Structure formats: structure tokens, C-alpha cells
Amino acid sequence: MIAQILHPRIIESKDWATLVFVISIVLIAIAKSAFESRFNDFIRLVVSDKYTKIYRESSHLMSGFNLLLLIVNLVSLSFFIQLIFYHLGLGGKTDWMLFVRIFTLLTVFILSKFLIEKIIATIFGIEEVIEQFNLQKVTYRTYLGLLLLPISIILFYSNIIANSLIFVIIFILLTINLLTYFISLKIYKNLIFNKLFYFILYLCALEIAPYYFIYYLITKK
């Protein structure tokens, strides 16, 4: 008689990811229905600068529209980071605890950075410059986050994705981020030049140093 050894079949659940993706899509739908005119201008951002001209006041930075899309942006970026970890062999693609950790760290990082920026801007007396500069950055990065969401969904549910494709997407995202950064500098160059010294200090303290330390920690790990 041949002995048979049965091994339990482990099926990774993706239900939690599906739920999070659905919630993100619902948030986008709420933003579209509650701010229809603004949303229509926003989705045409890549071909028209109408949105940046209309909503350029710093009061729009903490609007409900931006807060809704910020959540979507955090979800999209968290999933993409988790996919990077998965392809590097540093975590599971369907590990919901890993997603929660990444999402929490991203949220804490962004909120902490925002609060520190407010404090430093007040100390240096460059509140107007920083608020308008941040609004411009938030606008383009939120738009990029919306574009990244369907990419993250496709990558998450696909089992045949080459590592090279992930790195190509990372390169494209970094390039677009740099371009939008320089666009923001160009738009507000007059305001920036009036406070150039303090703005350079701001860049070194809050736009270069945090990302350098993150890179340092990741490479050390």
C-alpha cells in the first residue's frame, strides 16, 4: 500500500485588495459628483493649464476635493510600493499587513512633512511662497497618483510581470515627478526669487534631506 501525504493548499486571499480598490474608485466617483466642474478641469491637466490657473490660491490646498484624491493617491502609491517589495523578494503581494504598514508610514510621512513645512515657512516668513508651491506639487502628484491606480490594479492581478517593467515604471514616475517639480519652480519663480535664500534652505531641509534619509535606510536594510 502506497502511503499518501496530503499537503494543505494555501490560497492567498485578494479580497481585501479588491475592497480597497473599490473604495478608491468610489472616492473618485464622489470627488467627480461633488466637484464636477473642478474634476473635469483636473482630468484635462495634462493638455490644459486651466485647472492650475483657476485653483491656484493656497486656500484650495486643504479642500475636500484634494483630501479625497489624497486618499486615493496614498492607496495607489502604497500598492505600487508593495508590488516593488514583492518583485524584489522583500514581501508578499497579498500581505494585507504589509499594505497597512506602508499606507500608515506614507500617511505619517506626508502629514509630518506638511506640518514641518508650515512651521518652517512661518519662521522664515515665506508662507505664501511655500503654500502656492506645495499646491502646484500636490496637483501634479495627485494627477500622477490617479494614473498610477489602474497600473497598480493591473500589476496586482497579473501574475506575469517582468521585473524590468517595474523598474521602467519607476523611472517614468521619477522623471515625471522631476518635470512637474521644475514646472512648479518655473511658474512661481518670481515669488521664489524674492525669498531665494530661505527657499534654498527649505529645499535642503524638506525636499532633499527626507528622501535622502529614506534612500539611506532602504539601502542599509
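Keep in mind that what you see is a predicted model, and the values were worked out from it rather than measured.

Here is what the cut-offs are and how they apply
- Residues numbered from 1 in each chain as written.
- Predicted model: local features only at pLDDT ≥ 70, side-chain atom pairs only at ≥ 80, totals over all residues.
- Heavy atoms only, no water.
- Axes fitted to C-alpha atoms, helices over the stretch in contact; angles between N-to-C directions.
- Helix = DSSP H or I, 4+ residues; strand = E, 2+ residues; numbered from the N terminus.
- Parallel < 35°, antiparallel > 145°, perpendicular 65-115°, else oblique.
- Left-handed = near helix turned anticlockwise from the far one by under 90°.
- Contact = heavy atoms within 4.5 Å.
- Nonpolar A, V, L, I, M, F, W, Y, C, P; charged D, E, K, R; others polar.
- Core = buried A, V, L, I, M, F, W, Y, C linked by side-chain atoms within 4.5 Å.
- Buried < 20%, exposed > 50% of the residue type's maximum accessible area, 1.4 Å probe, protein only.
- Salt bridge = Lys/Arg side-chain N within 4 Å of Asp/Glu carboxyl O.
- pLDDT = per-residue confidence, 0-100.
- Phe/Tyr/Trp six-rings, centres within 6.5 Å; stacked < 30°, edge-to-face > 60°.
- Lys NZ or Arg CZ within 6 Å of the ring centre and 35° of its normal.

### Some thoughts on the packing of helix H2 (residues 36-43) against helix H4 (residues 64-87)
Their axes nearest at 11 Å, the elements H2 and H4 cross at an angle of 55 degrees. On the basis of their axis angle, the class for H2 and H4 is oblique. Between H2 and H4 lies a crossing whose hand is right-handed. Residue-level inspection shows Arg 38, Phe 39 and Phe 42 of H2 in contact with H4, the latter providing Phe 65, Asn 66 and Leu 69. Tallied by class, residues from the contact of H2 with H4 come to four nonpolar, one polar and one charged.

### Quick word on the nonpolar core
Counting 33 residues, the largest nonpolar core has Phe 42, Phe 65, Phe 79 and Phe 80 as its most contacted members. It is H4 that provides the largest number of residues to this core, a total of nine residues. With residues near it in sequence (within four places) discarded, Phe 65 still touches Ala 31, Phe 35, Arg 38, Phe 39, Phe 42 and Tyr 51.

### Overview of the pattern of salt bridges
A complete count under the given rule lists one salt bridge for this structure. Close ionic contact of Asp 41 with Arg 44 constitutes a salt bridge, the shortest N to O distance being 3.2 Å. Arg 44 sits in the partly exposed class, given a relative accessible area of 40%.

### A look at the confidence of the model for the protein
Close inspection of predicted coordinates is inappropriate in any region flagged by low pLDDT. Scored by pLDDT, the protein has a mean of 77; 74% of the residues are at 70 or more. For the protein, helix H9 (residues 196-220) is the element with the lowest average pLDDT, namely 66, and helix H1 (residues 15-34) is the one with the highest, namely 89. When the criterion is pLDDT under 50, residues 6-11 qualifies, and its contacts beyond four places in sequence or with other chains add up to zero contacts.

### A short note on the packing of aromatic side chains
Under the definition given, this model contains 16 aromatic pairs. Ring plane angle 75 degrees and centroid distance 5.9 Å describe the contact between Phe 21 and Phe 156, whose orientation is recorded as edge-to-face. With a gap of 135 residues between them, Phe 21 in helix H1 and Phe 156 in helix H6 (residues 127-157) connect regions that are remote in the sequence. On the accessibility criterion, Phe 21 (4% relative accessible area) is buried. In this structure an aromatic cluster arises from ring pairing among Trp 16, Phe 21, Phe 79, Phe 99, Phe 103, Phe 156 and Tyr 157. The ring of Phe 156 carries Lys 93 above its face, with NZ or CZ at 6.0 Å from the centroid.

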